[in-house]
Amino acid sequence: MPSFATGLVTAVLAERPGLQRVEVDLGTGPERAYVLTGLTPPVAPGDEVVVNTTAVELGLGTGGWHVVHWNLAHRRWRRPGSGHVLKLRYTSLQADVGSAEEHLPAGADAAATLDGLPVVALGLHSQLAAAAVAAADSSSVGRVVYVMTDGAALPAALSDLVADLRERGLLAAVVTAGHAFGGDLEAVSLPSAFWLARHVLGARLVLVAMGPGIVGTGST
C-alpha cells in the first residue's frame, strides 16, 4: 500500500518546466522531494504539502526523493490541457494532456509512411546519451528525436539526462508515448509516436527508450 505524510516546504532547490526539486520537513528534518507541476500545483517555501513516501521507505532507486502528491495551499487548481485524451487514466492524477493525433488534419497520414526511418531501440534510459552523442558525430544523421515509452518513469520532466541532451543540442524534441507524458508531442501509441517524430517533428533519426527508473525483477 502507498504511504503518505504531510510536511512543510523549506526550500526550492531547483526547477525547470514540469519539475521542481524541493526540501520538505516531515517532522524529522529536511528531506528531498520532487514536484511534477504538470499534475499538481507548484510549491513555495512555507507551503504545506502531502508527500508520497512509499519509494523511499522501500529503499527503491529513486535517489532518496519523495514525491509531492498535493500542495495544501490550494483548495482548487486547474491546468488546462490540450485535448480530451487522458494519460494516467482512471487514477486520481489523470490529466487531459491531449494527443497530437487528435489535432492532425483529416487524411494527414493517408500516404505518409515510416519507410526508411532509422530507429535505434535502447534497452536502458542511460543509453540515450551514448546514442545521441554517436548521432551527433555523424554529419549525415541530422535531426534526432527521442521517443519515450511508458516502460519505466512516466514523466519526461523527471529525466535530467534528457534535459542535458536538449540543452547541448543533441536532442531536437521528445515524443511521449502511451502513458508517458510531458514531451513536445503526446502520442497514444508507439507507432503513432514514430509517425509524429518523422512527419510532424522532422526526425531523421529516432531514439526509442523507456524513461529512467526501470524495474528489475532479479530473475533470468
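Criteria and thresholds
All residue numbers here refer to positions counted from 1 along the written sequence of the relevant chain. The model is predicted, so local features are restricted to residues of pLDDT at least 70 and side-chain atom pairs to those at 80 or more, both for listing and for counting; the totals for chains, interfaces and linings are taken over all residues. Just so you know, side-chain values use all the structure's heavy atoms and leave hydrogens and water out. Within this scheme, the nonpolar core is defined by two criteria: the residues are buried Ala, Val, Leu, Ile, Met, Phe, Trp, Tyr or Cys, and they are joined through side-chain atoms within 4.5 Å. Each residue's exposure class comes from its accessible area (1.4 Å probe, protein chains only) as a fraction of the maximum for that residue type: buried when under 20%, exposed when over 50%, partly exposed otherwise. Numbering goes from the N terminus for both helices and strands, where a helix is a DSSP run of H or I of at least four residues and a strand is a run of E of at least two. By definition in these notes, contact holds between two residues if any of their heavy atoms fall within 4.5 Å. Cavities and pockets are defined on a 1 Å grid built over the protein atoms alone: a cavity is a set of grid points where a 1.4 Å probe fits but cannot escape, while a pocket is an open set with protein on both sides within 12 Å along at least five of seven lines, and lining residues are those with an atom within 4 Å of any such point. Grid points are joined across faces, edges and corners, and a volume is the space filled by probe spheres set on the points. For this classification, Asp, Glu, Lys and Arg are treated as charged, while Ala, Val, Leu, Ile, Met, Phe, Trp, Tyr, Cys and Pro are nonpolar and the rest, including Gly, are polar. When a carboxyl oxygen of Asp or Glu lies within 4 Å of a side-chain nitrogen of Lys or Arg, that pair is called a salt bridge. By the convention used here, strands pair only if DSSP detects at least 2 bridges between them. When we speak of the arc, we mean the arc of directions from the helix axis to the C-beta atoms. Axis definition: a line fitted to C-alpha atoms, limited for helices to the stretch in contact. Angles are taken between N-to-C directions and run from 0 to 180 degrees.

J.: Help me out: how do you make sense of the nonpolar core in this one?
T.: One recurring pattern in soluble globular proteins is that nonpolar side chains are buried together. Core analysis: the largest hydrophobic core is formed by 19 residues, its most contacted members being L128, V144, Y146, L171 and L207. Where this core is concerned, the elements lending two or more residues are helix 2 (127–136), strand 7 (144–149), helix 3 (160–167) and strand 10 (205–210). Here this core gets four residues from one element, more than from any other, and that element is helix 2. Every residue in contact with L207, bar those within four places of it in the chain, is listed here: V120, L122, L128, A131, A132, V144, V145, Y146, V147 and L171. Judged by nonpolar contacts, the second largest core, of 18 residues, contains A173, L185, A193 and F194.

J.: Could you clarify how one ought to interpret the layout of surface pockets in this entry?
T.: One way to see where empty space is left: roll a probe the size of a water molecule over the atoms. When its volume is computed, the second largest pocket comes out at roughly 960 Å³. In terms of lining, the second largest pocket is formed by 39 residues, of which the most central are G38, R79, F181, G182 and E186. Secondary structure elements with two or more residues in the lining of the second largest pocket: helix 3 and strand 9 (185–187). Looking at which element gives the most residues to the lining of the second largest pocket, the answer is helix 3, with three residues. Residue composition of the lining of the second largest pocket, grouped by class: 20 nonpolar, 12 polar and seven charged.

J.: When you look at the pattern of salt bridges in this model, what are you seeing that I'm missing?
T.: Close approach of charged atoms allows side chains with opposite charge to pair. One pass over the structure, following the stated rule, counts four salt bridges. A salt bridge links D160 to R21, with the nearest nitrogen and oxygen atoms 2.9 Å apart. Linking D160 in helix 3 with R21 in strand 2 (residues 19–25), this pair joins segments that are 139 residues apart in sequence. Put simply, E186 and K87 hold a salt bridge, and the shortest N to O gap is 2.9 Å.

J.: Help me understand the pairing of strand 4 (residues 48–52), please; the structure alone is not making it clear to me.
T.: As judged from the five bridges shared by strand 1 (residues 4–16) and strand 4, these two strands associate in the antiparallel manner. Each bridged residue has a counterpart across the sheet, and for F4 the counterpart in strand 4 is N52. Bridge count for strand 4 against strand 5 (residues 66–71) is four bridges, and the pairing is antiparallel. From the neighbouring strand, V50 faces strand 5, where its bridge partner is W70.

J.: Quick question: what am I supposed to make of the pairing of strand 2 here?
T.: Successive side chains on a regular strand alternate, one facing one side of the sheet and the next facing the other. Among the seven residues of strand 2, five are classified as buried, and the element is accordingly described as predominantly covered. Inspection of the sheet shows strand 1 paired to strand 2 by seven bridges, in the antiparallel sense. Counterpart to A11 in the pairing with strand 2 is E23. Between strand 1 and strand 2, which follow one another and run antiparallel, lie two residues, and G18 among them has a positive phi close to 90°. Hairpin geometry of strand 2 and strand 3 (residues 30–36) is characterised by an intervening segment of four residues between the two adjacent antiparallel strands and by a positive phi of about 105° at G27.

J.: Help me understand helix 2, please; the structure alone is not making it clear to me.
T.: Every α-helical turn comprises 3.6 residues, leaving residues that sit three or four positions apart pointing alike. Turning to helix 2, its buried residues are L128, A131, A132 and A135. For helix 2, the angular spread of the buried residues around the axis is 100°, confining them to a single face. Turning to helix 2, the residues buried within the fold contact strand 7, helix 3 and strand 10.

J.: What is the right way to look at the sheet that holds strand 8 (residues 173–177) in this model?
T.: One key point about sheets: their strands pair by backbone hydrogen bonds, in either a parallel or an antiparallel sense. On the basis of which strands lie adjacent, the open sheet formed by five strands has the order 6-10-7-8-9 and parallel pairing. What marks the edges here is a single partner per strand, and that holds for strand 6 (119–121) and strand 9. Adjacent strand axes in the sheet meet at a mean angle of 25° when their direction is disregarded. Two strands pair when backbone bridges link them, and strand 6 and strand 10 are joined in this way by three bridges, in the parallel orientation. Bridge assignment links V119 to a residue of strand 10, and that residue is V206. On the sheet, helix 4 (residues 190–199) packs against strand 6, strand 7, strand 8, strand 9 and strand 10 and is oriented at approximately 165° with respect to strand 7.

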